[in-house]
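Working through the structure, step by step
The primary structure of each chain is shown beneath.
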Amino acid sequence: MSSIIPLSSSKSNALSGTALSPGNKSISHRAVLLGALAVGETTITGLLESEDVHATVGALRALGATLEKRGEVWHLHGVGVGGLQQPTAPMDMGNSGTSTRLLAGLVATHPITTEFFGDASLSKRPMGRVIEPLSQMGATFAATDGKLPMTITGTKNPMPITYTLPVASAQVKSAIILAGLNTPGTTTVIEPTRTRDHTERMLRAMGANLTTEDLGHGATAIHITGYAELKPMHIVVPSDPSSTAFPMVAAAIVPGSDIFLPGVGMNETRTGLFICLEEMGAKLTYSNEREEGGEPVADIRVQYTELRGIDVSAERAPSMIDEYPILAVAAAYAQGTTRMRGLHELRTKESDRLTIMAEGLAACGAHTEIDGDDLIVHGTGKLAGATTIPTHLDHRIAMSFLVAGLNSDAPITIDDASPINTSFPTFVEMMTALGASIK
Ligand code: S3P
């Protein structure tokens, strides 16, 4: 982890220009994980070069796969489904929940023992949600209170299961699917609410026997039949809507802004924030809608307009789960109340984002409330600022408050910007190129 870097943002002139967001973090993890299992050479362009993705790359090397970057292209030589080797040392997952949970699924159905550890934030996050289904498949776990450090002893005789997700989580869904790849028969995951489907799309493209079934009322069953040979392929990683969210909201709250965001991921399991912003009155113009790397993308122009408060249903949460911190900032700059419902999962992220956004925005002068699992922001169109926000090793808290400071009366400081490197190492450079005042 890098050393502590305090940063401040202050009232900026209108933002303008073009901002190309970095590679999609979820797709980057899956590209290296599945490339490491394919037989033959997988190549990847546009991979997100961030600490989280490098944690997955490091682990896959320790498990026997070959991953090398030459020029701008990553070249992977996979070990084949079932071919992972026993690592020789505990694996450092840094800040990355996605690396930990997806890799847990992968190793659970290999006869190897793997030890995972992580930073202070990751060590507080719940792993019981993967321990439970993967135990049913035959793996055994040692983890105090269901937290890292965690040792997984994979099984040589995995059992296919049918598992209904108790929480809407693409990480848990993906862990079970990855375990199912090296399991005889068909493993089924039922998700009551749709979550991001990047694992399913990529596995199908690589030739796995994966089907989905619409169960009605928003529920989906995903069936994966084990022991498929994955075909290597060239993967183009599109940009990340969760990263695009920051310049997008910045332009929506800084008067006069007009920015262009090319190649934004438009997978409908990820676009909840865009819908919310439009409901708030933001001016988003979509053009050049196309497919890149098997994912829908579009170019988006964002022009400043005044925002108004809205009511966001709990059903929308999975399609924008990482975007609530920055939506709360937009809500503070809107006129009227925004109620964001059903946010219990926000408490289990890199930090307790529900509490930290409510407290942080209040410290900036907003009137916020938490009612059960709902976050309520009474927007007045302005923030006072003049405060320092602790970021709690959470990249999205750090970026959200830097964006909040771009239109506050006095600057907003964050105590530590180094967590931004986990997902968006070029954030400050990109925002300052648009005209944001961040120092
Ligand atoms: C992710 C899924 C989400 C999200 C995380 C990335 C993924 O987590 O918050 O940043 O890549 O599958 P949950 O599955 O815990 O909701």
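A quick note: this is a predicted structure, and the numbers were derived from the prediction, not measured.

1. What about the domain arrangement of the protein chain?
For the protein chain, the assigned domains read domain 1 (7-23 + 238-438) and domain 2 (25-236). Between domain 1 and domain 2, the residue contacts involve 27 residues of the former and 27 residues of the latter. Summed over both partners, the interface of domain 1 with domain 2 buries about 2300 Å², with 48% contributed by carbon and sulfur atoms. Interface area lost by domain 1 to domain 2 is led by Thr-269, Pro-318 and Thr-422, which between them contribute 22%.

2. Some thoughts on the environment of Asp-119
Take Asp-119: it is sitting in the loop between strand E7 (113-117) and helix H4 (128-136). C-alpha separation for the pair Asp-119 and Leu-393, spaced 274 residues apart in sequence, amounts to 8.8 Å. Here Ser-121 takes part through its backbone nitrogen, which lies 3.1 Å from a polar atom of the side chain of Asp-119. A distance of 2.8 Å separates the side chain of Asp-119 from the backbone nitrogen of Leu-122, its partner in a polar contact.

3. Concerning the nonpolar core
Among the nonpolar cores identified, the biggest contains 73 residues, and Leu-273, Tyr-324, Met-340, Leu-361, Phe-401 and Phe-427 are the most heavily contacted of them. Excluding its chain neighbours within four sequence positions, the residues that come into contact with Phe-401 are Ser-9, Ile-356, Met-357, Gly-360, Leu-361, Cys-364, Ile-389, Ile-412 and Ile-414. Membership of the second largest hydrophobic core comes to 63 residues, among which are Ala-38, Leu-76, Val-107 and Leu-181.

4. Notes on empty space enclosed by the protein
Taken as a whole and assessed by the stated rule, the structure comprises 1 cavity of 30 Å³ or more. Its volume calculated, the largest cavity comes out at about 350 Å³. Lining the largest cavity are 29 residues, and of these Gln-171, Arg-196, Ile-321, Asp-322 and Lys-349 lie nearest its centre. Every element with two or more residues in the lining of the largest cavity is listed here: helix H1 (25-35), helix H3 (97-108), helix H5 (170-181) and helix H11 (395-404). Considering only residue class, the lining of the largest cavity consists of 4 nonpolar, 10 polar and 15 charged. In terms of domain composition, the lining of the largest cavity takes at least three residues from each of domain 1 (7-23 + 238-438) and domain 2 (25-236).

Parameters and conventions
- Every residue gets a number counted from 1 within its own chain, in the order that chain's sequence is written.
- Only residues with pLDDT of at least 70 get local features here, since the model is predicted, and only at 80 or more are side-chain atom pairs given and counted; chain-wide, interface and lining totals rely on the full set of residues.
- To get the side-chain values, take all heavy atoms of the structure and skip hydrogens and water.
- For the domains described, the bounds stem from an automatic or database domain assignment.
- The contact definition used throughout considers only heavy atoms, calling two residues in contact when any of these lie within 4.5 Å.
- Throughout, the accessible surface (probe 1.4 Å) given up by two parts as they are put together, summed over both, is called the buried area.
- In this description a helix means any DSSP run of H or I spanning at least four residues, a strand means any run of E spanning at least two, and both kinds are numbered starting from the N terminus.
- For this analysis, a polar contact is any N or O atom pair within 3.5 Å, provided that within protein one partner can donate a hydrogen and the other can accept it, and provided that sequence-adjacent residues contribute only side-chain to side-chain pairs.
- To define a nonpolar core, start from buried Ala, Val, Leu, Ile, Met, Phe, Trp, Tyr and Cys residues and group those joined through side-chain atoms within 4.5 Å.
- When accessible area is computed with a 1.4 Å probe and restricted to protein chains, residues below 20% of their type maximum are described as buried, those above 50% as exposed, and intermediate ones as partly exposed.
- Grid spacing is 1 Å over the protein atoms alone, the probe is 1.4 Å, and a cavity is where that probe fits but cannot get out, while a pocket is an open set with protein on both sides within 12 Å along at least five of seven lines and lining residues have an atom within 4 Å of a point.
- Grid points are joined across faces, edges and corners, and a volume is the space filled by probe spheres set on the points.
- Ten residues, namely Ala, Val, Leu, Ile, Met, Phe, Trp, Tyr, Cys and Pro, are considered nonpolar, four, namely Asp, Glu, Lys and Arg, are considered charged, and the remaining ones, Gly among them, are considered polar.

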